[in-house]
Amino acid sequence: MDLTAQKEAEIKKKSFPIHGSYFIRYRLRFADGEWELLNYSQLSLDLGDPERHKVTGHVFSLSTSSLGERRDDGARMPAGIDDTYHISREFHHRGKTYEARSRSRLGYCYIDIHRLGFVKKIRLGRQLVYETPEPAHFDGALVTTERIRSLKSLEFTFYGGLPIHSFEASRTGDFLAGLFTNIRPWTGGKVQTSFARVEDELESGKREDNHLALSIWQRFDLGLGLHLQYERLNDNDGDLLFRANYEAPVADFGVNASYYQLFETKREFSTEFDPCFSSLRELYSYWQARFAAHKGWTEHFLAEAGFELRQLRRKRDESTYNHEFKRYFTILSLFDLPIEDLTFSLNGDLWDSEAKSGDNWTIGGDLDYEVGRKFKVSLGSAYSLFEYDYFSDMERDDVRTYYVKLRFRPVKVLTLGLRYDLEDDDFEIYHRVQADLKVAF
Amino acid sequence: MIIENLRKLKTNLGLLVLGVLLAFFGCTVYHELSPAGAGRFPFSHDVHVTKLGQDCESCHPGCRESNDAGMPKLAACKTCHRGAEQYAKYIEPFVRDGRLSLSTVTNVPEDVIFSHKLHSGKGINCESCHRGITGSGAITAELKVSKDDCLSCHGKANLSSECQICHKVINREWAPPSHARGWERAHGYAVRESRDFPSEYRCKMCHLDSECQSCHQTQQPRDHTNFFRRRGHGIAAGMDRRRCLTCHKTDLCTSCHESNAPRTHTGSFGSPRSRHCLMCHFPLSGQSCFVCHKTDSSHRAQAAPIPNDGRHRGVGDEQCRSCHSPYMKHPDPGEQCRRCHI
């Protein structure tokens with residue numbers, strides 16, 4: 001280590017680092033004489049260094065504001081799945097918490113206390129546990145113990161608190177708690193057992209669910225990783241997941257495969273275990289297999305392709321939100337040809353449904369060109385065809401999209417972005433203009 | 001009840017068989033992929049250090065005075081094991097450049113800056129890092145000193161965890177070769193792998209939590225077009241709702257659908273003359289319309305009631321069309337009339 005690096009390291013050793021980013025976006029959407037201007041911002045902070053400091057923290061918050069709009073009575077431009085601001089005049093619902101021009105949300109806000117004897121970490125605040133098969137987002141506490149080396153690196157994690165359901169007005173009656181253990185019984189292997197209890201006050205009444213899961217991972221030195229997971233929900237068989245991933249970097253080749261089976265029809269559960277039920281209703285028993293591979297040739301070509309198959313356990317369960325399908329997808333990429341830093345990719349995606357409704361396919365191409373690591377221009381286009389069967393006659397929607405995107409990074413901490421999208425579907429011509437600024441520190 | 005129990009038994013048996021098959025598959029693959037003998041070197045530190053009381057430097061000469069570990073030469077063994085040529089066949093596979101080594105345990109990557117002398121000089125004894133080695137019966141991968149071990153010790157000593165302390169080339173600005181092409185699309189697998197084996201913390205070595213969020217909260221999947229936002233997402237959810245749950249965890253569907261009407265719901269949609277009823281009825285579907293209209297009863301009153309007279313009393317659904325056929329606008333087979341016409 002040279003002297004400069006040592007000095008830098010010494011300075012950093014004494015400091016309490018604060019890293020993160022601030023992102024702000026202005027987005028203008030317009031179509032058919034209606035328009036809407038939104039401002040979206042997010043702040044993300046990492047406080048301290050977990051390796052050196054006893055107490056560290058993390059904050060992530062989001063904010064959306066409407067800066068103006070012009071809409072027809074028919075609410076032809078409803079807020080989308082990425083928005084938090086809803087202004088539609090139809091189905092206006094007074095009970096919601098987001099009837100405001102501006103809305104802020106706290107994603108995470110926690111402090112970590114490290115190395116308290118046998119306790120490796122205590123996390124307090126708004127957090128997400130994502131190590132378990134069903135992630136838990138909650139306000140509360142989490143305690144992780146040190147690994148017990150004499151017991152195959154056994155470690156325990158306990159957590160509990162009030163679950164976060166971003167769109168619910170009240171948290172009365174909601175609660176979650178859980179425990180999971182990790183153990184590494186053999187070389188390259190890890191076994192996790194987890195238990196969680198969730199209580200959720202829903203419109204239809206209170207749900208109390210107990211979730212059990214067993215997960216086994218195995219990694220081999222030669223690039224193969226396996227994962228098997230079995231879940232139980234209350235007294236029912238839940239689901240089974242098997243995943244295999246193989247990477248051979250020298251040959252520039254990799255494959256991954258997965259198999260998933262839902263053993264029994266999934267009906268209403270706590271939001272944590274099935275957030276879709278209130279809209280999509282029952283999820284009938286099915287199995288789904290997926291296989292994908294990628295292979296590179298020289299430094300210039302990369303091909304990726306995959307196949308997915310889903311079958312319902314009973315054919316008669318085929319319905320609007322329970323489909324059997326075959327899916328094929330591929331991406332072909334060309335790098336640094338004919339000039340350096342130019343990337344061209346072609347992609348295709350086909351969903352072939354067994355029912356009359358639901359077939360759709362997309363084909364698209366993108367071109368990226370980077371100039372001196374500071375400036376990047378991207379443009380692309382895609383065509384999609386959706387076919388479905390409402391009113392007993394076949395409906396087909398053609399969607400053509402075009403975009404151009406510029407990114408400029410004059411200095412390391414600052415990134416500026418500008419994007420324009422044009423979408424021409426069978427209903428309207430839609431435009432989106434977006435300007436971004438990101439400061440990373 | 002019996003059928004239900006049989007079904008459960010069948011499911012459990014299926015699981016058991018699947019478990020056995022997977023275990024068999026796992027063991028086979030493990031056996032196939034592990035070169036014979038490569039993962040285990042039959043040398044007992046327990047016998048040599050604990051029982052015979054030998055010092056580390058007896059076999060690892062100069063390990064406290066030089067940067068490397070002074071891996072033993074075969075000749076070192078022969079100073080005690082004279083005439084023990086019969087063991088040579090067990091040892092030879094582990095000889096590299098005249099010294100004993102086991103790649104999975106003893107290899108120090110070229111980029112790593114490490115000095116045994118420096119650590120020994122700070123008064124750190126061998127077993128502080130090589131935990132459990134003195135009582136071990138063989139050299140196995142469990143004895144490897146991991147990056148976690150280094151970081152844990154450096155953290156306790158309040159030493160910096162900056163990359164350049166231990167690496168010649170790697171620093172926070174350096175990207176591994178895997179990040180070169182198509183990485184934006186492919187990084188999900190690596191992240192999951194990193195999550196599954198948190199001991200490695202591979203992503204978190206360089207990336208902070210805030211970096212994941214700064215991208216994932218501002219960039220949508222490429223198929224999330226305006227059409228997708230307004231109509232296509234229902235088709236996607238019908239195909240594979242688990243895919244949606246990768247990002248959308250809470251009750252997002254309800255929150256949006258309660259405040260936004262589908263684009264079909266314009267003009268005369270919903271009026272008694274509209275054909276909108278066909279979307280849900282004939283046959284009655286508990287799905288598409290039900291996303292929003294769970295408890296609606298208002299439109300019941302809009303269908304003309306069946307007259308309570310002698311001609312209609314006691315007539316079943318299937319008989320409606322025998323009289324009404326020429327006048328009915330409904331293109332249904334006339335099997336569910338009483339669902340609306342009460």
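Residues numbered from 1 in each chain as written. Chains lettered and ligands numbered in written order. Predicted model: local features only at pLDDT ≥ 70, side-chain atom pairs only at ≥ 80, totals over all residues.

A.B. asks: Give a description of the overall build of chain B that names residues and reports values.
C.D. replies: Scanning chain B for helices and strands turns up 16 helices and four strands. Relative to its 342 residues, chain B shows a buried fraction of 13%. Of the contacts made within chain B by residues no fewer than 6 positions apart, 58% connect residues no fewer than 24 positions apart. (Helix = DSSP H or I, 4+ residues; strand = E, 2+ residues; numbered from the N terminus. Buried ≥ 20, exposed ≤ 12 C-beta atoms within 10 Å, placed from the backbone. Contact = placed C-beta atoms within 7 Å.)

A.B. asks: Explain the overall build of chain A to me, using residue names and the numbers behind them.
C.D. replies: Scanning chain A from terminus to terminus reveals two helices and 22 strands. For chain A, the residues scored as buried account for 29% of the 441 residues in total. Across chain A, every contact between residues at least 6 apart in sequence was considered, and the portion connecting residues at least 24 apart equals 45%.

A.B. asks: Mind laying out the nonpolar core, listing which residues take part and the relevant values?
C.D. replies: Counting eleven residues, the largest nonpolar core consists of Val 129, Ala 136, Phe 138, Leu 142, Tyr 159, Ile 164, Leu 176, Ala 196, Val 198, Leu 233 and Phe 273 of chain A. Elements with a contribution of two residues or more to this core: strand S6 (136-145) and strand S9 (189-202) of chain A. Looking at this core, the element that brings in the most residues is S6 of chain A, giving three residues. Discounting chain neighbours no more than four positions away, the residues touching Phe 273 of chain A are Glu 134, Val 198, Asp 209, His 211 and Leu 233 of chain A. Residues Cys 276, Leu 280 and Tyr 321 of chain A together with Cys 253 of chain B belong to the second largest nonpolar core, which totals eight residues. (Core = buried A, V, L, I, M, F, W, Y, C linked by C-beta atoms within 7 Å.)

A.B. asks: Residues and numbers for unusual backbone geometry, please.
C.D. replies: One can expect most non-glycine residues to show negative phi and most peptide bonds to be in trans. All names here are of chain A. Omega for the peptide link from Leu 337 to Pro 338 comes to -5°, which places this bond in the cis form. Relative to the assigned elements, Pro 338 resides in the loop between strand S16 (325-335) and strand S17 (342-353). The phi dihedral of Arg 115 is positive, around 50°, even though this residue is not glycine. Given 15 C-beta atoms within a 10 Å radius, Arg 115 is considered partly exposed. For Asn 234, which is not glycine, the phi dihedral falls at a positive 55°. The residue Asn 234 is located in the loop between strand S11 (224-233) and strand S12 (236-248) in this model.

A.B. asks: Hey, could you go over helix H12 (residues 226-239) of chain B for me, with residue numbers and the actual values?
C.D. replies: Residue and element names in this part refer to chain B. The end-to-end C-alpha distance of H12 is 19 Å, a good match for the 20 Å that 14 residues give at a rise of 1.5 Å each. Its axis deflected by about 70° at Gly 232, H12 carries its strongest bend there. H12 sits mainly inside the fold: twelve of its 14 residues count as buried. Buried within H12 are the following residues: Asn 226, Phe 227, Phe 228, Arg 229, Arg 230, Gly 232, His 233, Gly 234, Ile 235, Ala 237, Gly 238 and Met 239. (Expected span 1.5 Å × (residues − 1). Bend = angle between axes of the 7 residues up to and from the residue.)

A.B. asks: Could you give an account of helix H11 (residues 209-216) of chain B, with specific residues and numbers?
C.D. replies: Listed in full, the buried residues belonging to H11 of chain B are Ser 210, Gln 213 and Ser 214 of chain B. Axial view of H11 of chain B: buried residues confined to an arc of 100°, hence all on one face. Along its buried surface, H11 of chain B packs onto strand S1 (18-31), strand S2 (34-47), strand S3 (55-70) and strand S22 (429-440) of chain A. (Arc of directions from axis to C-beta.)

A.B. asks: If you had to explain the pairing of S16 of chain A to someone new, which residues and values would you point to?
C.D. replies: All names here are of chain A. In this sheet, S16 lies alongside strand S15 (residues 301-312) in antiparallel orientation, the contact comprising ten bridges. Each residue of the ladder has a partner; that of Glu 304, found in S16, is Ile 331. What sits between S16 and S17 in their antiparallel hairpin is a turn of six residues, with Asp 336 showing a positive phi close to 55°. (Pairing = 2+ DSSP bridges.)

A.B. asks: Quick rundown of the environment of Cys 109 of chain A? Include the residues and the values.
C.D. replies: All names here are of chain A. One can find Cys 109 in strand S4 (residues 102-116). According to the C-beta neighbour criterion, Cys 109 is partly exposed, with 16 such atoms within 10 Å. Along the chain, Cys 109 and His 58 lie 51 residues apart, while their C-alpha atoms are 5.7 Å from each other. Those residues within four positions of Cys 109 in sequence are excluded, and the remaining contacts are Val 59, Gly 125 and Arg 126.

A.B. asks: Would you mind going over the confidence of the model for chain A in detail, with residue names and values included?
C.D. replies: All names here are of chain A. Chain-level statistics for chain A give a pLDDT mean of 84 and a share of 88% at 70 or above. The secondary structure element of chain A with the lowest average pLDDT is helix H1 (residues 3-14), at 59, and the one with the highest is strand S7 (residues 155-163), at 95. Note on residues 74-98: pLDDT under 50 across the span, and 58 contacts to partners over four residues away in sequence or across chains. (pLDDT = per-residue confidence, 0-100.)

A.B. asks: Talk me through the pairing of S17 of chain A; I want residue IDs and the actual numbers.
C.D. replies: Residue and element names in this part refer to chain A. Pairing of S16 with S17 involves eleven bridges; the strand directions are antiparallel. Its bridge partner being in S17, Lys 326 is matched across the sheet by Asp 352. Pairing between S17 and strand S18 (residues 359-371): ten bridges, direction antiparallel. By the bridge assignment for S18, Ser 345 is matched with Asp 366.

A.B. asks: Could you give me a rundown of the confidence of the model for chain B, with the residues and numbers involved?
C.D. replies: Per-chain confidence: chain B averages 73 in pLDDT, with 66% of residues scoring 70 or above. Interface confidence in the predicted complex, given as ipTM, is 0.80; pTM for the same model is 0.76.

A.B. asks: Which residues make up the domain arrangement of chain A, and what values do they have?
C.D. replies: All names here are of chain A. Under the domain assignment, chain A is made up of domain 1 (17-104) and domain 2 (284-441). Taken together, the 14 residues of domain 1 in the interface contact 14 residues of domain 2. Class assignment for the residues of the side of domain 1 that touches domain 2 results in seven nonpolar, three polar and four charged. (Domains from an automatic or database assignment. Nonpolar A, V, L, I, M, F, W, Y, C, P; charged D, E, K, R; others polar.)

A.B. asks: Please give an account of the environment of Thr 132 of chain A that cites residues and values.
C.D. replies: By secondary structure assignment, the location of Thr 132 of chain A is in the loop between strand S5 (119-129) and S6. Assessed through the 20 C-beta atoms surrounding it within 10 Å, Thr 132 of chain A is described here as buried.

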